[in-house]
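So you can see what is in the structure, the chains are spelled out below.
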Amino acid sequence: MKRVGPFVLERRLAPSRGAVLGISLLAVVLALLVAAVIFWGYGVNPWHAYRVIFQGTLASPQGWAEVVRRAIPLILCGVGLVVAFRAQFWNIGAEGQILAGAVAATGVALFSGLPDPWLLPAMFLAGFLAGAVWGMIPALLKVKLRVNDVISTLMLNYVMMYIVEWLVHGPWKGPTARGFAYSDLFPRAARLPLIPGTRVHWITLVVGVAMAIACAFLLSRTKLGYETRVVGQSQDAARYAGIDFLKVTLWVMLISGGLAGLAGAGEMAGVHYRLRSPAHISMGYGYTAIIVAWLARGSPLAAVVTALLFGLIFAAGDVIKVALAMPFQVTDVFNGLILFFLIGSELLMYWHIRWAPKRAASEG
Amino acid sequence: MMAAPGAGDLGGNQNSPPLVLLEGVTKSFPGVVANDRVTLDVRPGEVHALLGENGAGKTTLMNILYGLYRPDAGEIYVKGRKVVIRSPRDAIACGIGMVHQHFKLVYPHTVAENVALGLQGTPFFGPARVVERGLRELGERYNLPVDPKARVWQLSAGEQQRVEILKALYRGADVLILDEPTSVLTPQETGELFKVLARMKEEGHAVVFITHKLDEVMEAADRVTVMRRGKVIDTLPVAETDKASLARMMVGRDVVFRISKAECTPGKEALVLRDLRAVNDRGLPALRGISLTVCRGEIVGIAGVAGNGQRELVEVICGLRRAQGGEVVVLGRPLTNRSPRTVADAGVAHIPEERLRMGIVPGMTVEENLILKKHHRPPFSSGPLLRLAEVRRFAEQAIEEYEIITPSPKTPAKLLSGGNIQKLILARELSGEPGLVVAAHPTYGLDVGATELIRQLLLRQRDAGAGVLLVSEDLEEIVSLADRIAVMFRGEIMGIVEASAAELGEIGLMMAGTRSGMGDPR
């Protein structure tokens, strides 16, 4: 027990589900309140801004479709990161793993010469494998050489960004791209069908939700999931129990990187139809997915919901840009504020704050 | 502000008034009285050893003196004046300094910066520079050479300890408390430390020296206070006592009682160790050729003060530490340097020393913890899947059989009490008829009821035909449970005695490094 002014802080060991949900929501609301100050600083009435955003996103089917479209890569990456975080592997590299998947999918789409019906499945498979390989490099480095996973995953993002830049400026620069740094457009058979009237590539969405269910099952019902949770909670206990750290870490990053790779393949086949500069392919989905996973608190199914929340923020960014003439980067500010308040709220979850005015100061 | 009442003159020292007097100090923690009406006087110019087993209350008492805990009852007098010590800052103001077992140093900083940290009256800019000069003087006076500009991470453990001592001296400590100061030192460094203590004595300081090593008491102390289970057993001059009687006081011979146990019937060999060698975490030799046999149906106790290789021995047997040489054979199978899983699957149960850090996964549920180590085998899994119904059935059975008190099998294990966590670990480890049980300090820190239950469980394992290797610092426990007792000292076995013929005095001497004549490394 600690005393801070008139408050008493009491440690609580296991916060209830309700407390976790309530406090997380409170953190998001507080972040939005602070974001209101930014609108105000831009000379935009915050009340007006939030109303315009609401009308542009949640108030119409078109708006909803945009929210979902933005959420698709976040679902895939977020679910993968949830799995990695459960093993205490701090995968900050989903951004690079998305790009790896995009590159592999592009390679298959443009250069494989596979028959048309095989093209899309092969693109997804290649995307998964490329993301997985990009994710397993830091896993190996961590287990074999004790390289810090945060640093190695983060740095590999930049490596992959420059690989993409090199490809679109160099060997894969399309003869039909008229001098732009694009690859050629994918053939029709390498493009995903959309829900008519929207830009939602629903196949990737279905894959993402299926993966969330599969990962939830994996974590709760399988040996690998059990070992993942043991490793994540106590490495000493894992060692004592004879759990193979290398095997678990590699599997976890195969899944985590692979799902991000699927997201990259989905963005290629469903949105862009061509490899282009990395900032246009991903727009920071890989980093936002970290917040998605954090907010999901270890549950892959909850990551679907939190991904939709951040899909909403991305869609709101588009609205802000068009209707309020503010830069799209405001979404980064939103994301940063939400992450900031969420991490701050951790403290509230494990400490119960009680109002108890001062008694004798020297109370033992 | 009152004068100290006349302290009972316990030793044969000169009649100088005590520098520090603790009177009737009592401190309880939930479920245990750590200090029970403790009275202790420390005189200027003496090294006063505070001797006792782990958990005897030595460190609690000194933490009270240093202001880290508040006593429930009792008084503290410093130089005859009654004082209330609320924090280390108060203690320092009273001239009391403490060197903790784990150093409180900022590793990237220099020695002088560490000493300057938190020091009153230093300039805002460059406080370390002012300190440097003083440090050199102190270093020369007490023969504590340390370069004030060296960075702490570059220093050896012995040098870091010197920094801690200098830190206390710089703050004007008249009384210096050292908590197990030799546990991190090499024998040479220990010798140097004792020279420093002698020097401090000459300067009129008093040193309180917490230890459980008899040798060091005999070598370095003037008087010794023996504590057991929170109480002071006696305070007496070292010159008037010897190791054997100190060992007896430490362990308490009046309370040796035997749990009824059946006649030992050695059968097949459960564990054979041949010339086992290993190093500790710092790369220093921890096991120097251990040879030992544990038969099925017997308990072999490993006695010894902490840090003489017991931990490393357990880890090597269980596959958690590499053996540099020698052989481990379990139930007839060579298992030297095999993975922990191979060892566990071969029928070795391991009750680990650090039950919270290693024995359980605190955030996972009771039922999930009950299958740790066994989750990869039938009936708890088939193929890649866990069989949750089987897990639940096993958990419910184990909770009932081992009397684990938990709201439900779904409760996180960290919410259980210490005794119930240990019961959980035993329920898991003892299921499936292990051939060898390696138990490290299985009752450490537990209440009487849980202790009794766990001892009975170990005896039942023995009677069911398992070999049991029991590592414990509680000599009483070893004597009452074990069939044979092996005493470890500095990575070697000093001797093996039959428990029925064991004399505590003899075991105490072997714990202090005297080799037994009747060694029988069967």
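From a predicted model like this one, the values you see are computed outputs, not experimental measurements. (Residues numbered from 1 in each chain as written. Chains lettered and ligands numbered in written order. Predicted model: local features only at pLDDT ≥ 70, side-chain atom pairs only at ≥ 80, totals over all residues.)

1. Here we look at the overall build of chain B
- Scanning chain B for helices and strands turns up 17 helices and 22 strands.
- The C-alpha radius of gyration computed for chain B amounts to 25 Å, which stays within 12% of the reference 24 Å derived for 522 residues, consistent with globular compactness.
- With respect to the principal axes defined by its C-alpha atoms, chain B has extents near 70 × 50 × 45 Å.
- The 522 residues of chain B split such that 48% are buried.
- Pairs at least 24 residues apart make up 67% of the contacts formed inside chain B by residues separated by at least 6 positions. (Helix = DSSP H or I, 4+ residues; strand = E, 2+ residues; numbered from the N terminus. Rg over C-alpha atoms; globule rule 2.2 N^0.38 Å. Buried ≥ 20, exposed ≤ 12 C-beta atoms within 10 Å, placed from the backbone. Contact = placed C-beta atoms within 7 Å.)

2. Notes on the overall build of chain A
- Helix and strand content of chain A: 14 helices and 3 strands.
- By the compact-globule yardstick of 21 Å for 364 residues, chain A fits well, its C-alpha radius of gyration being 22 Å.
- Oriented by its inertia axes, the alpha-carbon framework of chain A measures out at about 80 × 60 × 30 Å.
- Per-residue burial for chain A yields a buried fraction of 47% across its 364 residues.
- Counted over contacts in chain A with a minimum sequence separation of 6, partners at least 24 positions apart contribute 78%.

3. A few points about the interface of chain A and chain B
- Taken together, the contact between chain A and chain B spans 18 residues of the former and 26 residues of the latter.
- Looking at the side of chain A that touches chain B, the elements that each hand over two or more residues are α8 (223-233) and α9 (235-240) of chain A.
- By residue number, the principal contributor to the side of chain A that touches chain B is α8(A), which donates 6 residues.
- Of the residues contributing to the side of chain A that touches chain B, the split by class is 8 nonpolar, 5 polar and 5 charged. (Nonpolar A, V, L, I, M, F, W, Y, C, P; charged D, E, K, R; others polar.)

4. A look at the sheet that holds strand β1 (residues 20-29) of chain B
Residue and element names in this part refer to chain B.
- Taking strand neighbours across the sheet as the criterion, the 4 strands line up as β2-β1-β4-β5 in an open arrangement whose pairing is antiparallel. Each of the sheet's edge strands pairs with one partner strand only, and the pair in question is β2 (32-42) and β5 (81-83). Here the average twist between neighbouring strands, direction ignored, is 30 degrees.
- Relative to β2, β1 is paired through 7 bridges, and the arrangement is antiparallel. Within β2, the residue paired with L21 across the bridge is D41.
- The strands touched by helix α1 (residues 58-65) within the sheet are β1, β2 and β4 (73-78), with β1 carrying the most contacts at an inclination of about 115 degrees. (Pairing = 2+ DSSP bridges. Axes fitted to C-alpha atoms, helices over the stretch in contact; angles between N-to-C directions.)

5. Side note on the environment of G97(B)
All names here are of chain B.
- Tracing the backbone through its elements, the reader meets G97 in strand β6 (residues 96-99).
- Measuring from C-alpha to C-alpha, the distance between G97 and L185 comes to 20 Å, with 88 residues separating the pair along the chain.
- If we skip the residues at most four places from it in the chain, G97 touches I92, A168, R171, A173, L176 and I177.

6. Focus: the pairing of β1(B)
- Here β1(B) runs beside β4(B); their pairing, made up of 5 bridges, is antiparallel. From the neighbouring strand, L22(B) faces β4(B), where its bridge partner is I76(B).

7. Observations concerning the environment of A210(A)
- Along the polypeptide, A210(A) turns up in helix α7 (residues 202-221).
- Taking the C-alpha atoms as reference, A210(A) lies 9.8 Å from L301(A); in sequence the two are 91 residues apart.

8. Overview of the domain arrangement of chain B
- What the domain assignment lists for chain B is domain 1 (20-255), domain 2 (256-347 + 434-522) and domain 3 (358-433).
- A straight line from the C-alpha centre of domain 1 of chain B to that of domain 2 of chain B covers 33 Å. (Domains from an automatic or database assignment.)

9. Things to note about the packing of α8(A) against helix α10 (residues 245-272) of chain A
Residue and element names in this part refer to chain A.
- In the contact formed by α8 and α10, the axes pass within 10 Å of each other and the chain directions differ by 105 degrees. Classified by the angle their axes make, α8 and α10 are roughly perpendicular. Contacts between α8 and α10 involve L224, E227, T228 and V231 on the former and, on the latter, F245, V248, W251 and V252.
- Of the residues that constitute the contact of α8 with α10, the class distribution is 6 nonpolar, 1 polar and 1 charged. (Parallel < 35°, antiparallel > 145°, perpendicular 65-115°, else oblique.)

10. Details of the sheet that holds strand β11 (residues 269-279) of chain B
Residue and element names in this part refer to chain B.
- Read across the sheet, 4 strands follow the order β12-β11-β14-β15 without closing on themselves; strand pairing throughout is antiparallel. On the outer flanks of this sheet lie β12 (285-295) and β15 (333-334), each paired with one strand and no other.
- Relative to β12, β11 is paired through 8 bridges, and the arrangement is antiparallel. Bridge assignment links V279 to a residue of β12, and that residue is P285.
- Running over the sheet, helix α9 (residues 310-317) touches β11, β12 and β14 (325-330) and is turned about 60 degrees from β12.

11. A short note on the nonpolar core
- In this structure, L65(B), V438(B) and L470(B) are the most contacted members of the largest nonpolar core, which totals 272 residues.
- At 14 residues, the largest contribution of residues to this core is made by helix α3 (residues 61-86) of chain A. (Core = buried A, V, L, I, M, F, W, Y, C linked by C-beta atoms within 7 Å.)

12. Re helix α6 (residues 149-169) of chain A
Residues and elements named next belong to chain A.
- Taking 1.5 Å per residue, 21 residues should reach 30 Å; α6 reaches 30 Å between its end C-alpha atoms and fits that length.
- Where α6 is concerned, the buried positions are D149, S152, T153, L156, N157, M160, V164 and V168. Burial along α6 is one-sided: seen end-on, the buried residues are contained in an arc of 150 degrees. Counted as exposed and oriented over 90 degrees from the buried face of α6: Y158, Y162, W166 and H169. (Expected span 1.5 Å × (residues − 1). Arc of directions from axis to C-beta.)

13. Quick word on the pairing of strand β9 (residues 223-228) of chain B
All names here are of chain B.
- The buried fraction of β9 amounts to 5 of the 6 residues, a majority that puts the element mostly inside the structure.
- In this structure, β9 lies alongside strand β10 (residues 231-237), joined through 6 bridges in antiparallel fashion. The partner of V224 across the bridge, within β10, is L236.
- Hairpin remark: β9 followed by β10, antiparallel, with 2 residues in the connecting loop; positive phi at R229, about 50 degrees.

14. Some points on the packing of helix α1 (residues 17-41) of chain A against helix α14 (residues 330-350) of chain A
Residues and elements named next belong to chain A.
- Contact geometry for α1 and α14: axes closest at 8 Å, N-to-C directions at 140 degrees. With respect to α14, the axis of α1 lies oblique. As for how α1 packs across α14, the hand of that crossing is right-handed. Contacts between α1 and α14 involve A19, V20, I23, S24, L26, A27, V28, L30, A31, V34, A35 and I38 on the former and, on the latter, V330, V333, F334, L337, I338, F341, L342, G344, S345, L348 and M349.
- Tallied by class, residues from the contact of α1 with α14 come to 20 nonpolar, 3 polar and no charged. (Left-handed = near helix turned anticlockwise from the far one by under 90°.)

15. Structural notes on unusual backbone geometry
- A cis amide bond links P378(B) with the next residue in sequence, P379(B), at an omega value of 5 degrees.
- Here P379(B) shows up in the loop between α12 (366-370) and β17 (381-382).
- Positive phi is not limited to glycine here, since Q88(A) has a value of about 60 degrees.

16. Brief notes about the confidence of the model for chain B
All names here are of chain B.
- Across chain B, pLDDT averages 85, with 91% of residues at or above 70.
- The element-level mean pLDDT for chain B is lowest in helix α17 (residues 504-511), coming to 79, with strand β16 (residues 348-351) highest at 96.
- Counted against residues more than four places away or in other chains, residues 254-258, with its pLDDT under 50, gives 6 contacts.
- Taken together, the stretch residues 518-522 has pLDDT below 50 and engages in 10 contacts with residues farther than four places along the chain or on a different chain.
- Interface scoring of the predicted complex returns ipTM 0.84; its pTM is 0.74. (pLDDT = per-residue confidence, 0-100.)

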